[in-house]
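One letter stands for each residue in the lines below.
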Amino acid sequence: WVGIEYNVSSGPFCAFDSIRVEGLEQVPRHVVLRELNITPGKRYNQSLLAEGQQQIYRLELFQFVSVRARDFERGAAHIPVEVKLKEAPHNTVKVGVGYGTEDSYRASLNWRRRNFLGGGRRLESKIKSSGLEPIRAEMSLIQPHFLDRKNVAVFNPFFVRENEINFNINRLGANVSVQRHFATFT
């Protein structure tokens, strides 16, 4: 029979201290801070740093996001936080062309504007053309942090013209949705 005895001396309860944000060029600081569930004085929790990093990256405004505790003195009760970012290009354009046996030719043009009108919004515009759909045009306005930091609102007007064998279809409409992030993979 072997007995093992552990003596653990806990340190002081720690709290978050100041938050330093580096790498912002056009995105306002408050857009980053609102995605963190961290405020100075709140009890320190390592999982809040990882969750905040995911929330910021989910905005699709940054190529690189790092959220970590900065260097602090051993036994310190207040732990400073460092957020390092690299902004993604504010405008991106994608062009595609191809050919398929089902829809013959196809071409597409996608344009994305990040931080549209500030606040972390995105505006996306897509135009496609193919043998079956001579025109598909849609736009999406994505509003992150809708009512709280885990909700995203999307407004998506569209126009579609489809050519079927015996008839043509023209559709004009819009979709409005609110998406909620429940967990890491949902």
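Every chain is numbered on its own, with residues counted from 1 as its sequence reads. This being a predicted model, a pLDDT of at least 70 is required before a residue's local features are given, and a value of 80 or more before pairs of side-chain atoms are given or counted; all residues contribute to the totals for chains, interfaces and linings. With hydrogens and water excluded, all non-hydrogen atoms of the structure serve as input to the side-chain values.

**Here's the deal with the overall build of the chain**
Part 1: Under the DSSP-based scheme used, a helix requires at least four consecutive residues in state H or I and a strand at least two consecutive residues in state E, with every element numbered from the N terminus. Scanning the chain for helices and strands turns up two helices and nine strands.
Part 2: Listing every helix and strand of the chain by position from the N terminus yields β-α-α-β-β-β-β-β-β-β-β.
Part 3: For the radius of gyration, the atom set is restricted to C-alpha positions; the globular benchmark scales as 2.2 Å times the number of residues to the power 0.38. For 186 residues, the compact-globule formula gives about 16 Å, and the C-alpha radius of gyration of the chain, at 24 Å, lies well above that figure.
Part 4: For the chain, the C-alpha atoms occupy an extent of roughly 80 × 50 × 30 Å along the three principal directions.
Part 5: Here the chain, with 186 residues, has 31% of them falling under the buried criterion.
Part 6: Contacts are assigned to residue pairs that have any heavy atoms within 4.5 Å of one another. Of all intrachain contacts in the chain linking residues separated by at least 6 positions in sequence, the fraction that spans at least 24 positions is 45%.
Part 7: This count recognises Lys and Arg as positive and Asp and Glu as negative, with His and chain-terminal groups excluded. By convention, charge coordinates are those of NZ in Lys, CZ in Arg, CG in Asp, or CD in Glu. Charge centroids of the chain, computed over 26 positive and 19 negative side chains, lie 2 Å from each other. Burial classes follow relative accessibility: with a 1.4 Å probe on protein chains only, a residue under 20% of its type's maximum area counts as buried, one over 50% as exposed, and anything between as partly exposed.

**A word on the packing of aromatic side chains**
Part 1: In this analysis, rings of Phe, Tyr and Trp, with Trp reduced to its six-membered ring, are considered paired at centre separations within 6.5 Å, and the interplanar angle assigns stacked below 30 degrees, edge-to-face beyond 60, and tilted for intermediate values. According to the stated counting rule, one finds one aromatic pair in the structure shown.
Part 2: Taking 5.0 Å as the distance between ring centres and 50 degrees as the angle between the ring planes, the aromatic pair formed by Phe16 and Tyr44 counts as tilted. Remark: Tyr44 occurs in the loop between helix H1 (29-35) and helix H2 (46-58) and Phe16 occurs in strand E1 (residues 15-22); sequence separation between them is 28 residues.
Part 3: Judged by relative accessible area, Phe16 falls into the buried class, the value being 0%.

**Structural notes on the sheet that holds strand E2 (residues 62-69)**
Part 1: A pair of strands is treated as paired once DSSP finds two or more bridges between them. Taken in spatial order, the three strands line up as E1-E3-E2 in an open sheet, and their pairing is mixed. Of all the strands in the sheet, the pair left with one neighbour each is E1 and E2. Strand after strand, the sheet turns through a mean of 15 degrees between neighbouring axes, direction not considered.
Part 2: In the sheet, E1 pairs with strand E3 (residues 78-87) via six bridges, with the strands oriented parallel. Considered in E3, the bridge of Arg20 is made with Glu82.
Part 3: Throughout, an axis means a line fitted to C-alpha atoms (over the contacting stretch in the case of helices), and angles, computed between N-to-C directions, take values from 0 to 180 degrees. Sheet strands touched by H2: E1, E2 and E3. Its angle to E2, the strand with the most contacts, is close to 165 degrees.

**Quick notes on the sheet that holds strand E7 (residues 135-144)**
Part 1: Taken together, the six strands give an open sheet; going across it, the order is E4-E5-E6-E7-E8-E9, and neighbouring strands pair in antiparallel fashion. Of all strands in the sheet, those bounded by a partner on one side alone are strand E4 (91-100) and strand E9 (168-180). Taking the axes of each pair of neighbouring strands and ignoring which way they run, one obtains an average angle of 10 degrees across the sheet.
Part 2: As paired elements, E7 and strand E8 (residues 151-163) share eight bridges and run antiparallel to each other. Of the residues in E8, the one forming a bridge with Ile135 is Arg161.

**Focus: H2**
Part 1: One less than the residue count of a helix, multiplied by 1.5 Å, gives the span that helix is expected to have. The terminal C-alpha atoms of H2 lie 19 Å apart, and with 13 residues this matches the ideal 18 Å at 1.5 Å per residue to within 8%.
Part 2: Glu60 sits one or two positions beyond H2 and adopts a positive phi of about 60 degrees.

**A closer look at the side chain of Arg149**
Part 1: Structurally, Arg149 can be placed in the loop between E7 and E8.
Part 2: Of the residues examined, Arg149 reaches a relative accessible area of 14% and is grouped as buried.
Part 3: Counted as a polar contact is a pair of N or O atoms within 3.5 Å, where, for protein atoms, one must be capable of donating a hydrogen and the other of accepting one, and residues adjacent in sequence contribute only when both atoms are in side chains. Here Glu35 takes part through its backbone oxygen, which lies 2.9 Å from a polar atom of the side chain of Arg149.
Part 4: Not counting residues up to four positions away in its chain, the partners in contact with Arg149 are Arg34, Glu35, Asn37, Glu51 and Gln55.

**What about the confidence of the model for the chain?**
Part 1: For the chain, the average pLDDT comes to 89, and 98% of its residues sit at 70 or higher.
Part 2: At the low end of the mean pLDDT range in the chain sits H2, at 90; at the high end sits strand E6 (residues 122-130), at 95. The pLDDT value expresses, per residue, how confident the predictor is, ranging between 0 and 100.

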